[in-house]
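Read off the chains here:
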Amino acid sequence: MTQTYYSNGKLLITGEYLVLDGAKAFALPTKFGQNLIVEQTTSKHIQWISYDADGSTWFEDIILFSDIVNESDSENESVKDTLTTIIKEALLLNPNALNQNQGLKITTELSFPKSWGLGTSSTLINNIAQWLEVDAFTLLKNSFGGSGYDIACAQNDSPILYHLNDGNPIVEQVCFSPKFTENIFFVYLNKKQSSKTAIASYNMNKKYNLEKTIASNDQTTTEVLEARTLQSFAEALQKHEIEMSSILEMQTIKEATFPDFEGTIKSLGAWGGDFVMAISTENPSEYFISKGYSTIITYDEMILT
């Protein structure tokens, strides 16, 4: 018997970092995501194979049930150790989820390049949660940590507004279908950004007037969602960039890398890596390619609508 699970990738449009402290975040599930395929075997262990978007194998190993059950002294952050930890945490939530007398072959398939940062980990965690019948938000909290907005994107096929209320995830599907999507582009910066490192930096630099900052973020998020013109949309996102620049004590990506760009550029998620959103009245591909950034994806190609 073969079981297949699927989860959407994600892009965080507003609320980066602040979502960890209860701010409202606007996020978009992507057309790209990840499959997890589970097949029963007679091997009495788990054979795991992970494929990148181009069909190449980026991870392959054997996971023993004893590795999952027993305490590990390893301080490594290898892929195998990470997988073992996730499955171990899932079994703590649902101890009867696995039959250790049967073997398994598990295959994961990304539909986006692993380096893009669209949610390799969050799609994996949500798929494992579906497979082992546990709550994905709890599994994330017990394994990787984070706000959980990416899990919400994995589970929803439409734009979402997300926040934490006393640590509990609140997910609201929202309508976002502006007439100016042809003016929105996503550009890959050729650099994978560590979420853990970025979050640690945020925690060190966030100001004491966090309540006021969160209120301002929520107002800006509302302005982004309710924007009816390209100009008002761009202005709201630019305002968000300036506010976050002050909190993080960092230059905006436009100041640092694209100061001569005629349009608006918004960092998405962890600053300094992965994708940015570019808003332009003209197709900006020629500009970004001239700067050495050749992966430019239109809104309709990227976002699940």
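In case you missed it, the structure is sitting above this.
Residues numbered from 1 in each chain as written. Predicted model: local features only at pLDDT ≥ 70, side-chain atom pairs only at ≥ 80, totals over all residues. Heavy atoms only, no water.

J.: Run through the pairing of strand β10 (residues 275-279), naming residues and quoting values.
T.: For β10, the tally of buried residues reaches 5 of 5 residues, placing the bulk of the element in the interior. One ladder, built from 5 bridges, connects strand β8 (residues 184-188) with β10; its direction is antiparallel. Within β10, the residue paired with Tyr188 across the bridge is Phe275. (Buried < 20%, exposed > 50% of the residue type's maximum accessible area, 1.4 Å probe, protein only. Helix = DSSP H or I, 4+ residues; strand = E, 2+ residues; numbered from the N terminus. Pairing = 2+ DSSP bridges.)

J.: Please give an account of helix α4 (residues 136-143) that cites residues and values.
T.: Those residues of α4 that sit buried are Ala136, Phe137, Leu139 and Leu140. For α4, the buried positions fall inside an angular range of 160° around the axis, keeping them on one side. The N-capping residue of α4, defined by a side-chain oxygen 3.2 Å from the backbone nitrogen of Phe137, is Asp135. Residue Gly145 follows α4 closely and has a positive phi angle near 80°. (Arc of directions from axis to C-beta. Polar contact = N/O pair within 3.5 Å; in protein donor to acceptor, adjacent residues only side chain to side chain.)

J.: Describe in detail the packing of aromatic side chains, supporting the description with residues and values.
T.: Counted according to the given criterion, the structure contains 17 aromatic pairs. Plain terms: the ring middles of Phe176 and Tyr299 are 6.4 Å apart, the flat faces sit at 55° to each other, and that makes the pair tilted. Of this pair, Phe176 sits in the loop between β7 (168-173) and β8 while Tyr299 is found in helix α11 (residues 299-302), placing the two residues 123 residues apart along the sequence. What makes Phe176 buried here is its relative accessible area of 9%. A residue is classified by how much of its surface remains accessible, and Tyr299, at 2% relative accessible area, is buried. (Phe/Tyr/Trp six-rings, centres within 6.5 Å; stacked < 30°, edge-to-face > 60°.)

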